[in-house]
Amino acid sequence: MLQKRFIFLIVVVLILAAATVLFIRHIQPTEDLDLNYQEISVGSKIADIVKNRKLEVQITEQDLNNLVKKQLSAHPDLPNGIRIEGAKLTLQGSNLVADVNVRWQDKLPVGAQLLFTLAWDPPNVVIQHQSTTVRGIQVPKEWLQFAPIELSIEDHLPLLIGVKDVKFEEKAVLIQLKALR
């Protein structure tokens, strides 16, 4: 009788260990991501204005990727022992999908997908975290919630130019400019 319980206990421990290993392998990142970014060239954006003869600038998905990665690399540590190690962003109109690689407690690598909404709140574009999923499983908001990220577009513009309006297109953000007095 005692031997049967001992064997049962060993089988349960082995099943739990196997399930834990499978779970850890399942949540690991599927691609290598980093927080490397390139500064956006204001000069090339101004050249686009002159070339197109319109007071508007198009911020591409790659430009936005660089801006957000710059913000994330400045603040990679999150609550609950989570650290961002890499990100790849995809723009979908006023939604921004971020595939991220994070590390929990400096030990467990996790691949997650975060959904953000973009909104124009003059003078900033506000990026608001909506949800997080790990391999299709919704993570409770209490576990991981980002503070809104505010990107000031006017910081990247010459002194005599301001922002009139911002429109979110499928793969770009269109910034309509105005001349200041």
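The structure contained in this document is the topic of the report that follows. None of the values given here were measured: they were computed from a predicted structure.

Right, let's talk about the overall build of the protein chain for a bit. Of the regular secondary structure elements, the protein chain holds 3 helices and 10 strands. For the protein chain, the succession of helices and strands along the chain, N to C, is α-α-β-α-β-β-β-β-β-β-β-β-β. Whereas a compact globule of 181 residues would reach a radius of gyration of roughly 16 Å, the protein chain reaches 22 Å, over 25% beyond that. Overall, the C-alpha framework of the protein chain stretches about 90 × 25 × 25 Å when taken along its three principal axes. Here the protein chain, with 181 residues, has 36% of them falling under the buried criterion. Look at the contacts in the protein chain between residues 6 or more apart in sequence, and 49% of them connect residues 24 or more apart. Surface exposure of the protein chain reaches about 11700 Å², of which carbon and sulfur atoms provide 58%. For the protein chain, the distance from the average position of its 20 positive side-chain charges to the average position of its 20 negative side-chain charges is 5 Å.

Bringing the nonpolar core into the picture now. In this structure, Leu64 and Leu96 are the most contacted members of the largest nonpolar core, which totals 41 residues. The leading source of residues in this core is strand 5 (residues 108-121), at 7 residues. The contacts of Leu96, once residues within four sequence positions are left out, are Leu64, Val68, Leu89, Thr90, Leu91, Leu114, Leu115, Phe116, Leu118 and Ile127.

Here the focus is the pattern of salt bridges. A full pass over the atoms with the stated rule returns 6 salt bridges. A salt bridge links Lys70 to Glu39; the nearest nitrogen and oxygen atoms lie 3.2 Å apart. A residue pair is termed long-range when its members are at least 10 positions apart, and Lys70 in helix 3 (residues 61-74) and Glu39 in the loop between helix 1 (2-27) and helix 2 (42-52) qualify at 31 residues. Among the residues examined, Lys70 registers a relative accessible area of 31% and is labelled partly exposed.

Procedures and definitions
- Residues numbered from 1 in each chain as written.
- Predicted model: local features only at pLDDT ≥ 70, side-chain atom pairs only at ≥ 80, totals over all residues.
- Heavy atoms only, no water.
- Helix = DSSP H or I, 4+ residues; strand = E, 2+ residues; numbered from the N terminus.
- Rg over C-alpha atoms; globule rule 2.2 N^0.38 Å.
- Buried < 20%, exposed > 50% of the residue type's maximum accessible area, 1.4 Å probe, protein only.
- Contact = heavy atoms within 4.5 Å.
- Areas by Shrake-Rupley, 256 points an atom, 1.4 Å probe, with all protein chains shown as cover.
- Lys, Arg positive; Asp, Glu negative; His and termini not counted.
- Charge placed at Lys NZ, Arg CZ, Asp CG, Glu CD.
- Core = buried A, V, L, I, M, F, W, Y, C linked by side-chain atoms within 4.5 Å.
- Salt bridge = Lys/Arg side-chain N within 4 Å of Asp/Glu carboxyl O.

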